[in-house]
Each structure stands twice: as structure tokens, then as C-alpha cells.
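Summary of structural features
Next come the chains, spelled out residue by residue.
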Amino acid sequence: MKRILITGGAGFIGSHLCERLLKEGNDVICLDNYFTGSKKNIAHLMDNPYFELVRHDITQPYYAEVDQIYNLACPASPVHYQYNPIKTTKTSVMGSINLLGLAKRINARILQASTSEVYGDPEIHPQTEDYWGNVNPIGIRSCYDEGKRCAETLFMDYHTQNNVAIKIVRIFNTYGPNMHPNDGRVVSNFIVQALKGEDITLFGDGLQTRSFQYVDDLLEGMIRMMNSRKEFIGPVNVGNPNEFTILELAQKVIELTNSNSKIIHLPLPKDDPTQRQPNISLAKMELNDWEPKIQLNEGLLRTISYFDNLLSIKPTH
Ligand code: NAD
Ligand code: UDP
Ligand code: UDP
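A brief report on the enclosed structure follows.

Thresholds, definitions, all that
- Residues numbered from 1 in each chain as written.
- Chains lettered and ligands numbered in written order.
- Predicted model: local features only at pLDDT ≥ 70, side-chain atom pairs only at ≥ 80, totals over all residues.
- Helix = DSSP H or I, 4+ residues; strand = E, 2+ residues; numbered from the N terminus.
- Rg over C-alpha atoms; globule rule 2.2 N^0.38 Å.
- Contact = placed C-beta atoms within 7 Å.
- Near = placed C-beta within 6 Å.
- Nonpolar A, V, L, I, M, F, W, Y, C, P; charged D, E, K, R; others polar.
- Pairing = 2+ DSSP bridges.
- Axes fitted to C-alpha atoms, helices over the stretch in contact; angles between N-to-C directions.

Looking now at the overall build of the chain. When you go through the chain residue by residue, the secondary structure sums to nine helices and 13 strands. Expected size for 317 residues packed as a compact globule is a radius of gyration near 20 Å; at 19 Å, the chain falls within 12% of this value. Counting only C-alpha atoms and orienting by the principal axes, one finds that the chain spans roughly 55 × 45 × 40 Å. Counted over contacts in the chain with a minimum sequence separation of 6, partners at least 24 positions apart contribute 80%.

What follows deals with the site of ligand 3. Residues in contact with ligand 3 amount to 15 residues; listed here are only the nearest, R185, V186, N189, T201 and F203. The set of elements that each furnish at least two residues to the shell around ligand 3 consists of α5 (186-196) and β8 (200-203). In terms of residue count, β8 provides more of the shell around ligand 3 than any other element does, three residues in total. Taken together, the residues of the shell around ligand 3 break down into seven nonpolar, five polar and three charged.

What follows covers the sheet that holds strand β11 (residues 236-238). A sheet is described by the order of its strands in space; here seven strands give the open sequence β3-β2-β1-β4-β5-β6-β11, paired in parallel fashion. A single partner strand is all that each edge strand has here, and the edge strands are β3 (51-55) and β11. Here the strands of the sheet are splayed against their neighbours by 20° on average, with no regard to which way each runs. Relative to strand β6 (residues 166-171), strand β5 (residues 109-115) runs parallel, the two being bridged by six bridges. Counterpart to Q112 in the pairing with β6 is I168.

The next subject is the site of ligand 1. As a matter of local geometry, ligand 1 sits amid 28 residues, with G8, G11, F12, T36 and G37 nearest to it. Elements supplying a minimum of two residues to the shell around ligand 1: α1 (12-23), α3 (85-106) and β5. With three residues, α1 is the single largest residue contributor to the shell around ligand 1. Class assignment of the residues belonging to the shell around ligand 1 gives a composition of 13 nonpolar, 13 polar and two charged.

Printed below as a string of C-alpha cells:
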């Protein structure tokens, strides 16, 4: 049994990680400030004596004794990370400093949930880990992209300067149950719109691409990375290389939900990356042949079923 701290544990990915690591017999501390996460995501774990929930903001110092830290705290949807961009940068930068300080003091292993956004609007395709990226430092996405890039810098420097055992995972677009219905990211938006019979909001011409990974595949990759040989610190891409246009995604969601919704076109947000696809050779080689198992149709059906249930439950307050 390991004692594991998960920051951002009440969020979409964090809540799945809490559940899985508890199931595997660990002692889990879930830390969150509930900015985009929700107690509802982890309510079913509250009776487990090995689960502890802490309200805390990682921009402030935090003290605990654990063996491993997964640093997931950071709003991930453009709508939410752009709401208070200064706070978003603080969360990635000051938050990483505090958690790296903690990891250094208690000699814990620490994994950073980095992102494919470090590649910006990439000029090489698919993206390999040695690509330095094409990021606007002063645009509307910069608070997130540059915050995550600086967090990677801090992780590397705590490793070289203070010998902290780090792991960096660059996560590509991930979806699944427990996404907030108002999360604002494309998969949850389209599914909720289709189930409600509302217009599907396609930004731009819809020919921009993303590669969508189901959350269970990400968890497997992240946990393998955390427990991989000490010398392998990453960064490593974890994503599903199957690439789709956003228009194709909209059509797929309409088909799978059997919806009457119509597609409408809204302006493309500034700096929206035109293409994104992970090269996962490094993950396959280092993480014991890891590769995604759940393809888009199957993952969408599971996610549609989650939102269908959620939307049919009448709010109690
Ligand atoms: P999410 O918004 O559902 O979860 C983020 C969680 O962090 C929320 O529970 C939120 O309340 C919490 N949080 C935010 N700021 C905090 C702070 N200052 N202190 C404490 N808690 C704070 O998003 P998610 O999709 O679950 O993303 C989790 C992590 O994975 C993020 O770091 C994100 O950048 C990274 N990531 C996600 C994706 C994806 O496609 N889902 C892709 C790349 C990277
Ligand atoms: N820190 C923390 N918990 C700990 C140890 C440190 O939150 O258990 C914070 C500490 O407040 C500091 C940051 O982590 O702001 C960086 O710590 P480090 O030891 O690297 O730097 P220093 O304390 O020397 O500034
Ligand atoms: N998008 C869209 N309609 C929406 C939300 C997003 O067409 O309602 C587009 C968005 O412009 C982007 C893609 O879908 O091209 C993925 O957006 P998301 O916010 O999910 O992730 P990110 O852009 O951070 O990869």
C-alpha cells in the first residue's frame, strides 16, 4: 500500500484516478479547491477509510507525508482557464513550486500532468517529445500553455538541482464520464447539445483536428509512468493517435445519440491549434507496450450513457 496525494482529485481525470488507486489498495488524499471540480465526482468514495478529502489551493504551501504525488490541479478547459488567466498561471507555476518543495522535503515521487498544449499550434505532425513547440507567449491560451511549459521547466530543475524523482506526462485531449456538463470542451459540449436537441456549436470550418483519448487509457498510461524505472522522467506523450476533424466528431456524436440537432458554425477562437496528433512510440517503449485500447466510438458511447443518466436526474436543489 502506498500513500498517494492527488491534486485536482475532484476534477474529471482526478476523480477517476482516486477511484482506481483506491481500488488497487492505496491510501489516497484528494486535494482540490473545487474551481472546476466537484465533490459529486468523489462522493461515492467518502465512506472508504483509506480516502481523505482536503479543500486546499495549491498556490499555497501544503504539508503531508506521502509516497507519490500526482499533480493534476489546473483548470483544463479553455473557457475555465481563460476566466482568471493570472490565477491559471499561478496554479501551474506557484502550485508546482509548492508541490516540488513538498516532494523534495518528504522524498516523494511526483508526476506532472502536462499537456499537448506545450506544442502550441504545431508545425510538425504528429508531435514527438523532442519538438519544442510553437506557442504564442501573449495570447489568450498563453496562461495555460506557458504555465504548463514553465511547470515542466520547474520539474526538470528540481530534478537536476535537488534530485527530486519526477515524471512528466504530456496528456492529449482526453474525455469520458465525470466531465462537467458545462466544462466547455468539445466532447462534452457536443454530447450535451445532441442529447438536449440543441444546436451543435462547431467553431470555424471544423477542419481543425484533435486525437481523442478515453480516460481509462490515460489512467493506465499515467500509472505505468509513475511506477516506471526511476531514470525515465519523460516528458512522454500519452494520447490516442487516431485523429479526427472536429466536424467528423460532431457528425459521429449526432449519429451515436440519434439526435435531431443541427450543426451551426461559430467563429474559431483565437490561437486555436489547427492539428494535433501524438506520436506514442516513446510511451510504447518505456511503459511496457502501453497503447490506447478504447477507440472513439466505444468511448463516446460510454460517455453518452453517462451524460444521458446525468441529464435525466432532476436537480434536488
Ligand atoms: P478539470 O478541470 O476537470 O480538473 C482540474 C481540477 O483541478 C479541478 O477539480 C479543479 O477544481 C482543480 N484545481 C484547479 N485549480 C486548482 C488550485 N489552484 N488548487 C487546487 N485545485 C485546483 O480538468 P481535467 O481534464 O481533469 O484535467 C486534469 C489535469 O490534466 C489538468 O492539470 C490538465 O491541465 C491536465 N490535462 C488534461 C487534458 C484533458 O484533455 N482532459 C489534456 C491535457 C492535460
Ligand atoms: N513547501 C510546501 N510543503 C513542504 C515543503 C515546501 O508547500 O512540505 C513549499 C514551500 O513553502 C516553498 C516551496 O514549497 O515555498 C518550495 O520549497 P523549496 O524547499 O524548494 O524552497 P524554499 O523553501 O527554499 O523557498
Ligand atoms: N470546439 C468546437 N465547439 C465547441 C468546443 C470546442 O468546435 O463547442 C473546437 C475548438 O475550437 C477546438 C476543438 O473543438 O478546435 C477542441 O476544443 P477543446 O476546447 O475541447 O480542446 P483544445 O482546443 O484545448 O484542444
